Amino acid sequence: MHSTIKIAPSLLAADFCRLDREIESVEAAGADLLHVDVMDGHFVPNITIGPFIVEAIKRIATLPLDVHLMIAEPARYVETFIDAGANSIDFHIEVAPEPAALIETIRGHGLKAGIVISPDTPVEAIIGALDAADQVTVMTVYPGFGGQELIPECVEKARRIAHVAPNVDLLVDGGINAATIPTAAAAGANVFVAGSAIFGKENRSEAINCLRRLAQEAHERRTQHSRRR
Ligand code: DX5
Ligand code: ZN
């Protein structure tokens, strides 16, 4: 299991009228990454931000930008988001007929490449591309909207992926909060995307510290358990 715990606030839940202050607040609060949700109204039934806003975020952010593409044609737009300043790009396997080529393009520009798997997609769909990827994101809600409840079956999927690819960074995205992070961490996830559980709280340090502590405790229990076996 990857032991480095990272907390990635999802900007989707931030106040976009005050994006600079929102970013500053989570950076000061100890976040590890900024998660940026790009939606096109085709792959998901919602439209959010495009490369122009990613570029603006890049100008004010000091943390790396993890860009989650929820778009129908990731291969067509990946270079645009690389130019906009992404540090890692995550594309959905459901719309990537040639994941290896896409990973190569992303990594060829010095970025981390990530594969994302939606709730209805079986783990088998990503197995062939796992070795080449730097990170895998298990969607723990249906992509498209923040503030949804985590789907427990998706955590089981994360457990299987952690088992077959113990060295990859394993992200969980959707419905992650203080109540759900322990099971996701126990399943082997090490990077936690959280929107409402961070931006919905007045005190961002407290929110981030609490998530990190709960994830760490779950990892420690998991390690002790596997030592005993
Ligand atoms: C959903 C997005 C998530 C979302 C998470 O499609 O990929 O990143 O913002 O939001 P919460 O943490 O509120 O479920
Ligand atoms: Zn996301």
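Residues numbered from 1 in each chain as written. Chains lettered and ligands numbered in written order. Predicted model: local features only at pLDDT ≥ 70, side-chain atom pairs only at ≥ 80, totals over all residues. Heavy atoms only, no water.

Q: Whenever I open this one, the overall build of the chain confuses me. Can you help?
A: The number of helices and strands found in the chain is nine helices and eight strands. Computed over its C-alpha atoms, the radius of gyration of the chain comes to 16 Å, within 12% of the 17 Å expected for a compact globule of 229 residues. Looking at the chain as a whole, 52% of its 229 residues are labelled buried. Long-range contacts, defined as pairs at least 24 residues apart, comprise 64% of the intrachain contacts of the chain with a sequence gap of at least 6. (Helix = DSSP H or I, 4+ residues; strand = E, 2+ residues; numbered from the N terminus. Rg over C-alpha atoms; globule rule 2.2 N^0.38 Å. Buried < 20%, exposed > 50% of the residue type's maximum accessible area, 1.4 Å probe, protein only. Contact = heavy atoms within 4.5 Å.)

Q: It is not clear to me how the packing of helix 2 (residues 51-60) against helix 3 (residues 74-84) should be interpreted in this structure. Could you clarify?
A: To characterise two packed helices, one gives the angle between the axes of the helices and the distance between these axes. Running from amino to carboxyl end, helix 2 crosses helix 3 at an angle of 25°, the nearest separation of the two axes being 8 Å. For the element pair helix 2 / helix 3, the angle class is roughly parallel. Seen along the crossing, helix 2 lies across helix 3 with a hand that is right-handed. Across the interface between the two elements, Pro51, Val54, Glu55 and Lys58 of helix 2 pack against Thr80, Phe81 and Ala84 of helix 3. Taken together, the residues of the contact of helix 2 with helix 3 break down into four nonpolar, one polar and two charged. (Axes fitted to C-alpha atoms, helices over the stretch in contact; angles between N-to-C directions. Parallel < 35°, antiparallel > 145°, perpendicular 65-115°, else oblique. Left-handed = near helix turned anticlockwise from the far one by under 90°. Nonpolar A, V, L, I, M, F, W, Y, C, P; charged D, E, K, R; others polar.)

Q: Looking at this structure, I do not really get the environment of Thr223. What am I missing?
A: Here Thr223 lies in helix 9 (residues 204-228). You can call Thr223 partly exposed: its relative accessible area is 31%. Note: C-alpha distance between Thr223 and Leu63 (160 residues apart in sequence) is 29 Å. There is a polar contact of 2.7 Å between the side chain of Thr223 and the backbone oxygen of His219. (Polar contact = N/O pair within 3.5 Å; in protein donor to acceptor, adjacent residues only side chain to side chain.)

Q: So what exactly am I meant to see when it comes to the site of ligand 1 here?
A: Around ligand 1, the surrounding shell holds 20 residues, and the nearest of these are Asp37, Gly144, Asp173, Gly195 and Ser196. Take Ser10: an N or O atom from its side chain is 2.8 Å from an oxygen atom of ligand 1. Contact between ligand 1 and Gly175: an oxygen atom at 2.8 Å from a main-chain N or O atom of the residue. Calculation on ligand 1 without its partners gives an accessible area of 380 Å², and the protein chains cover 99% of this total. It is strand 2 (residues 34-39) that provides the largest number of residues to the shell around ligand 1, a total of three residues. (Near = heavy atom within 4 Å. Areas by Shrake-Rupley, 256 points an atom, 1.4 Å probe, with all protein chains shown as cover.)

Q: Just to check I follow, could you spell out the coordination of the zinc ion (ligand 2) for this structure?
A: Ideal geometry at a metal centre: 109.5 degrees between donors when four sit tetrahedrally, and 90 or 180 degrees when six sit octahedrally. In this structure, His35 (NE2), Asp37 (OD), His68 (ND1) and Asp173 (OD) serve as the protein donors to the zinc ion (ligand 2), at separations of 2.1 to 2.3 Å. Given six donor atoms and angles of 69 to 171° at the metal, the environment of the zinc ion (ligand 2) is assigned as octahedral. One chain supplies every donor to the zinc ion (ligand 2), and in sequence these donors are spaced H-x1-D-x30-H-x104-D. A residue pair is termed long-range when its members are at least 10 positions apart, and His68 in strand 3 (residues 65-70) and Asp173 in strand 7 (residues 169-173) qualify at 105 residues. (Donors = N, O, S within 2.8 Å, 3.2 Å for Na, K, Ca; no water. Tetrahedral: all angles 85-135°; square planar, octahedral: opposite > 155°, others 65-115°.)

Q: In this structure, what is going on with the side chain of Ser88? I would like to understand it.
A: Relative to the helices and strands, Ser88 is located in strand 4 (residues 88-92). For Ser88, a relative accessible area of 6% gives the class buried. Sequence-distant contacts of Ser88, defined by excluding residues within four places in its chain, comprise Leu65, Asp66, Val67, Leu111, Lys112 and Gln135.

Q: Even after reading the chapter, I still don't get the pattern of salt bridges, so can you show me in this structure?
A: Oppositely charged side chains can pair when the atoms bearing their charge come close. Overall, the coordinates contain eight salt bridges when judged by the stated rule. Salt-bridge contacts for Glu22 lead to Arg204; the nearest nitrogen and oxygen are separated by 2.8 Å. Here Arg204 lies in helix 9 and Glu22 lies in helix 1 (residues 19-28), a separation of 182 residues in the sequence. Taking relative accessible area as the criterion, Arg204 reaches 12% and is therefore assigned buried. One salt bridge connects Arg160 with Glu124, and the closest N-O pair in it is separated by 2.7 Å. With Arg160 in helix 6 (residues 152-164) and Glu124 in helix 5 (residues 124-127), this pair connects stretches of sequence that are 36 residues apart. (Salt bridge = Lys/Arg side-chain N within 4 Å of Asp/Glu carboxyl O.)

Q: Would you mind showing me how to read the environment of Thr183 here?
A: Secondary-structure assignment places Thr183 in helix 7 (residues 181-186). Measuring from C-alpha to C-alpha, the distance between Thr183 and Glu156 comes to 9.5 Å, with 27 residues separating the pair along the chain.

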